[in-house]
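Structural characterization, general
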Amino acid sequence: MQVGILGAGQLARMLVLAGVPLGMRFRVFDRSADAPAGQVAPITVGDFDDLAALAAFARDVDVVTFDWENVPVASARAVARDARVLPSPRALEVAQDRLSEKRIFTRLDIPVAPHAAVDDFAGLERAVRRVGLPGILKTRRLGYDGKGQAVLRRPADLQRAWHALGGQPLLYEGVVDFDCEVSLVAVRSRRGEVACYPLTWNVHSHGILSVSRAPFLRPRLQAQAQRHVGRLLEHLRYVGVFCVEFFVAGGRLVANEMAPRVHNSGHWTIEGAETSQFENHLRAIAGLPLGSTRARGHSVMVNCIGRMPPAARLLALPGVHVHDYGKSARPGRKLGHLTYVGGSASARDRMAARLLGRGRG
Ligand code: AMP
C-alpha cells in the first residue's frame, strides 16, 4: 500500500517509521525540501494550494492522510476527488477553527471554558464583560504551541492584547483554574471500531507541551474522556487517530482542543503501548484491524525544545530512548523527544526528573 502524507514534519516521519515494517510505502508532500519526513521518504515539494501538484501526488498513492491539520480545506476536498482522504476534510475544517471546535464540543454535551467570538475591539470589550477576567485571547486559526495567544488579567490589558492580535478572527476564553491537563488519544477504524489509549497527563510550559506521563490512572476520568471522544468520533465519522486535550477542573473534564491527527502527547506509545499511535493510525486508514492500545508500563515523554541534547549522554541512562527529528535548532522549536518506560510510576518519575535535568541540559 502506498500512503501519501500532506505535511512532512516529525509526525509524518514517525508515521513512515511505523509503517515500513507493515510493508507500506510512503510519499510525503511539503513546502520545504528539508522537512523531517523527507529524510525517510520521497518528498514532493509544493504549495498546499497548488491543486495540480496535489492531484499528481494523490494519483500515485492509495490513501492520503495528514501530518498537518492546517492544510487548506479546499485543497483537502480537491484531493478527495482523486484519492481516498482519511481523516475526512470535514474533520480538518472543524479543527482549524477554535470557534467551530467549541461549537461541536458544546453540541455534543462536552464541557468547554466560557468563551466568546471577537471580531473587533468593541467585541473584545463585550466578551470580557461577559466572560470576565482573567482570560485568554486566541487567534481562531493557525494558533499552536501557545502562539497567537495573549493573557488578559486587568482592564488595561485589552488594548495591548488587541494591538498584538487584532485584525483577524479571535476567540476570548475564560482562564480555567485547572488541577492538571490530560489528553485522550483514540483511533477509529474504517469499520467504526474505536480504541482508546490510557489518559495522558501533560505539563505545558509557555503553551508548549513539555512532559507527558501515562497511564494517568483515574478510571472515572478515563470513562468520561472515552464517552466524550467517542461521541466526537461518531459525529465526524472519523477514521484514524484523533486527540482531545482536556483540563481537569474540580474532578471533571473541560475540553480545550482537538487534533485530527497523531499527537505529541501520544509519542510515549511508541515504546510504551502495545501498538503505537502511529501504527494504529496507519492500520485505521489502510482498513486493517486496530492494535491493542494497552500500556506496557509507566511511560514518560520529555520534549526537546530549542536544543537537542547530545544522544550519548542520554543513551547512557538505561531504558531511555532518543527520538531526534533531524531538524535544525531554533528557540522554541520541537527538535525531538525522549521516552522511558518504567515498571512502576515511582521508577518512571525518578527517571523523568533526571531527563528533565539532562534533556534540557
Ligand atoms: P492551546 O494552544 O489552546 O492548546 O493552549 C496551550 C496551553 O495554554 C494549554 O495547554 C494550557 O496550558 C494553556 N491554556 C490555554 N487555554 C487555557 C484556558 N482557557 N485556561 C487555562 N489555561 C489555558
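Here is a short report on the structure shown in this document. (Residues numbered from 1 in each chain as written. Predicted model: local features only at pLDDT ≥ 70, side-chain atom pairs only at ≥ 80, totals over all residues. Heavy atoms only, no water.)

Describing the site of the ligand
The ligand sits among 15 residues. The nearest are Lys138, Glu173, Val176, Glu181 and Glu257. Val176 is positioned with one of its backbone polar atoms (N or O) 2.8 Å from a nitrogen atom of the ligand. Note that an oxygen atom of the ligand is positioned 2.6 Å from one of the side-chain N or O atoms of Glu181. Surface burial for the ligand is 91%, taken as the share of its 470 Å² of free accessible area covered by protein chains. Contributions of two or more residues to the shell around the ligand are made by strand E7 (135-139), strand E9 (170-174) and strand E15 (252-259). Residues of the shell around the ligand, tallied by class, amount to 5 nonpolar, 5 polar and 5 charged. The residues that make up the shell around the ligand include at least three from each of domain 2 (114-174) and domain 3 (180-358). (Near = heavy atom within 4 Å. Polar contact = N/O pair within 3.5 Å; in protein donor to acceptor, adjacent residues only side chain to side chain. Areas by Shrake-Rupley, 256 points an atom, 1.4 Å probe, with all protein chains shown as cover. Helix = DSSP H or I, 4+ residues; strand = E, 2+ residues; numbered from the N terminus. Nonpolar A, V, L, I, M, F, W, Y, C, P; charged D, E, K, R; others polar. Domains from an automatic or database assignment.)

What to know about the side chain of Arg140
Relative to the elements of secondary structure, Arg140 occurs in the loop between E7 and strand E8 (149-152). Residue class for Arg140 comes out buried when judged on its relative accessible area of 17%. Arg140 has contacts with Gln96, Asp97, Arg98, Leu99, Pro169, Leu170 and Leu171, leaving out every residue within four places of it along the chain. (Buried < 20%, exposed > 50% of the residue type's maximum accessible area, 1.4 Å probe, protein only. Contact = heavy atoms within 4.5 Å.)

So, the environment of Gln222
Relative to the elements of secondary structure, Gln222 occurs in helix H8 (residues 219-236). Taking the C-alpha atoms as reference, Gln222 lies 9.3 Å from Cys196; in sequence the two are 26 residues apart. Once residues lying within four places of it in the same chain are set aside, the contact partners of Gln222 are Leu184, Tyr197, Pro198 and Leu199. A distance of 2.8 Å separates a polar side-chain atom of Gln222 from the backbone nitrogen of Leu199.

Description of empty space enclosed by the protein
Here the structure, examined in full by the defined rule, presents 1 cavity of 30 Å³ or more. Of the pockets and cavities examined, the largest cavity occupies roughly 30 Å³. Secondary-structure elements contributing two or more residues to the lining of the largest cavity are strand E10 (180-188), strand E12 (200-205) and strand E14 (240-249). A per-element tally of the lining of the largest cavity places E14 first, with 3 residues. (1 Å grid on protein atoms, 1.4 Å probe; cavity = no way out; pocket = protein on both sides within 12 Å on 5 of 7 lines; lining within 4 Å. Points joined across faces, edges and corners; volume = space filled by probe spheres on them.)

Notes on the sheet that holds strand E6 (residues 115-118)
With antiparallel pairing, the 4 strands of this open sheet are ordered in space as E6-E9-E7-E8. Both edges of this open sheet fall to E6 and E8, since each of them pairs with a single strand only. The average angle at which neighbouring strand axes cross in this sheet is 20°, direction not considered. As judged from the 4 bridges shared by E6 and E9, these two strands associate in the antiparallel manner. Within E9, the position partnered with Ala116 by the bridge is Tyr172. Contacting E6, E7, E8 and E9, helix H7 (residues 157-165) runs over the sheet at an angle of about 175° to E8. (Pairing = 2+ DSSP bridges. Axes fitted to C-alpha atoms, helices over the stretch in contact; angles between N-to-C directions.)

Section: the environment of Val203
Note on placement: Val203 falls in strand E12. Ignoring sequence-local partners within four residues, the contact set of Val203 consists of Ile208, Leu209, Ser210, Val211 and Arg213.

Section: the side chain of Asn256
By the element assignment, Asn256 lies in strand E15. Residue classification places Asn256 among the buried positions, given a relative accessible area of 11%. Each residue touching Asn256, except ones within four places of it in the same chain, is listed here: Glu101, Lys102, Phe105, Lys138, Glu173, Glu245, Phe246 and Phe247.

Let's talk about the pairing of strand E2 (residues 25-30)
Here strand E1 (residues 2-6) runs beside E2; their pairing, made up of 5 bridges, is parallel. Its bridge partner being in E2, Leu6 is matched across the sheet by Phe29. As for the winding sense of the linkage, the β-α-β connection from E1 through helix H1 (residues 10-19) to E2 is right-handed. Where E2 lies against strand E3 (residues 43-45), 3 bridges are found, and the strand directions are parallel. Paired with Val28 across the two strands is Ile43, which belongs to E3. (Right-handed = clockwise from strand over helix to strand, strands pointing away.)

Section: the pattern of salt bridges
In total, this model carries 14 salt bridges according to the counting rule given. Between Asp97 and Arg140 there is a salt bridge; the shortest N-O distance is 2.7 Å. Here Asp97 is found in the loop between helix H4 (89-95) and helix H5 (98-107), whereas its partner Arg140 is found in the loop between E7 and E8, with 43 residues between them in sequence. A single burial state applies to Asp97 and to Arg140, both of which are buried. Each member of the salt-bridge network shares a partner with another, and the members are Arg77, Arg90 and Glu93. (Salt bridge = Lys/Arg side-chain N within 4 Å of Asp/Glu carboxyl O.)

So far we have only geometry, and geometry alone does not tell us how the molecule works.
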